[in-house]
Structure formats: structure tokens, C-alpha cells
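# Overview (structure and organization)
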Amino acid sequence: MRAGYVIAAYNNMAKIRDPGGGEALLIGLEAFIPLSAPVTAGHNVVNVGYGRLEAGGWYLVRRSNGHFDLGQIPAGPGRALVAIRSIRASPFPQERDALYFAGYDANKAPAHNTAWIFRSTLAAVIGTAR
């Protein structure tokens, strides 16, 4: 699906240990979809009046060799993630391989109960990169 433009590194990026070696940088995204662009099967958009946004939680994985992979936290039925605003490694010693993703952006539209936070594992985040 064609994006009109993307906001990357929205608030912060997270440097993590790459199980494949070295370090990786996780970068949250928000993607604006042109009104004229068809919505590809498997994708959902949110209409905020002046434009549409991809509803899934997308991120980039920048590997130490300069290669980028695209990953997603699926929105799930009736849930719009819209933008990953923050990614953090877990501060809890018992969760050494956990990562937290959080976000949302109302994009000037009225919104209620929309902020979200997800916990995942390092293997799942690196493993789901496309």
C-alpha cells in the first residue's frame, strides 16, 4: 500500500542487542495513506478527517550492517495503534529479553481511550521484521 509520507523516530529510538550479532536500533513509525490510495488486503486505516493513517503499529529495525527490516505489532480487531511513539527495553531484571512499545497520535481528531502499550520479546520483535 502506498504511503503519502511517514514520520519516523517519532519520539525516541531504542538501541537493543541484536541476536544476530551487534546492536540494532528500533524506530517507531506513523504512515499517512493518500485518500486516493487503495487499502491493501490485511491493512486497516483510520480516517482523521483530513487524511488516513495506517492503523497497525509499524517499526523499523536498523541492523549494525546498515540493513533495515520492517516489523509490525498487529492492531487486532477494533483497535487502531496508528503510531509507535516509544520503544524501551524492560527495566525489570526478570524481563531481560522484554521490550515495551507504546503510542498513539490523535492527529487533531477527537479521541478517547486510545493510548496503548504492548510487551514483546526481543526474539519476537526481531523475528517479525519483514
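Read on for an overview of the structure.

Procedures and definitions
- Residues numbered from 1 in each chain as written.
- Predicted model: local features only at pLDDT ≥ 70, side-chain atom pairs only at ≥ 80, totals over all residues.
- Heavy atoms only, no water.
- Helix = DSSP H or I, 4+ residues; strand = E, 2+ residues; numbered from the N terminus.
- Salt bridge = Lys/Arg side-chain N within 4 Å of Asp/Glu carboxyl O.
- Buried < 20%, exposed > 50% of the residue type's maximum accessible area, 1.4 Å probe, protein only.
- Contact = heavy atoms within 4.5 Å.
- Polar contact = N/O pair within 3.5 Å; in protein donor to acceptor, adjacent residues only side chain to side chain.
- Core = buried A, V, L, I, M, F, W, Y, C linked by side-chain atoms within 4.5 Å.
- 1 Å grid on protein atoms, 1.4 Å probe; cavity = no way out; pocket = protein on both sides within 12 Å on 5 of 7 lines; lining within 4 Å.
- Points joined across faces, edges and corners; volume = space filled by probe spheres on them.
- Nonpolar A, V, L, I, M, F, W, Y, C, P; charged D, E, K, R; others polar.

## Section: the environment of Gln-72
Relative to the helices and strands, Gln-72 resides in strand 6 (residues 68-73). Once the C-alpha coordinates of Gln-72 and Asn-47 are considered, the two residues, 25 residues apart in sequence, prove to be 20 Å apart.

## Brief notes about the pattern of salt bridges
For the structure on display, the rule yields 5 salt bridges. Its salt-bridge partner being Lys-15, residue Glu-23 comes within 3.9 Å of it at the nearest N-O pair. Owing to a relative accessible area of 58%, Lys-15 belongs among the exposed residues under this scheme. When salt bridges that share partners are traced, they join Asp-18, Arg-63 and Asp-69 into one network.

## Points about the environment of Trp-116
Topologically, Trp-116 is positioned in strand 9 (residues 116-121). A relative accessible area of 6% means that Trp-116 is categorised as buried. Residues Trp-116 and Tyr-104, 12 residues apart in the sequence, show an inter-C-alpha distance of 6.8 Å. Trp-116 has contacts with Ile-73, Arg-79, Ala-80, Leu-81, Ala-83, Ile-84, Phe-101, Ala-102, Gly-103 and Tyr-104, leaving out every residue within four places of it along the chain. Within the structure, the side chain of Trp-116 is placed 2.9 Å from the backbone oxygen of Leu-81, a separation counted as a polar contact.

## Points about the nonpolar core
With 26 residues, the main nonpolar core has Leu-26, Tyr-59 and Phe-101 as its most contacted residues. Within the residue set of this core, elements represented by two or more residues are strand 1 (5-17), strand 2 (23-33), strand 5 (57-63), strand 7 (84-89), strand 8 (98-103) and helix 1 (122-127).

## Description of the layout of surface pockets
When its volume is computed, the largest pocket comes out at roughly 180 Å³. Met-1, Ala-3, Val-6, Leu-29, Ala-31, Ile-33, His-43, Glu-54, Trp-58 and Leu-70 together form the lining of the largest pocket. Tallying contributions element by element places strand 2 first for the lining of the largest pocket, with 3 residues. Of the residues that constitute the lining of the largest pocket, the class distribution is 8 nonpolar, 1 polar and 1 charged.

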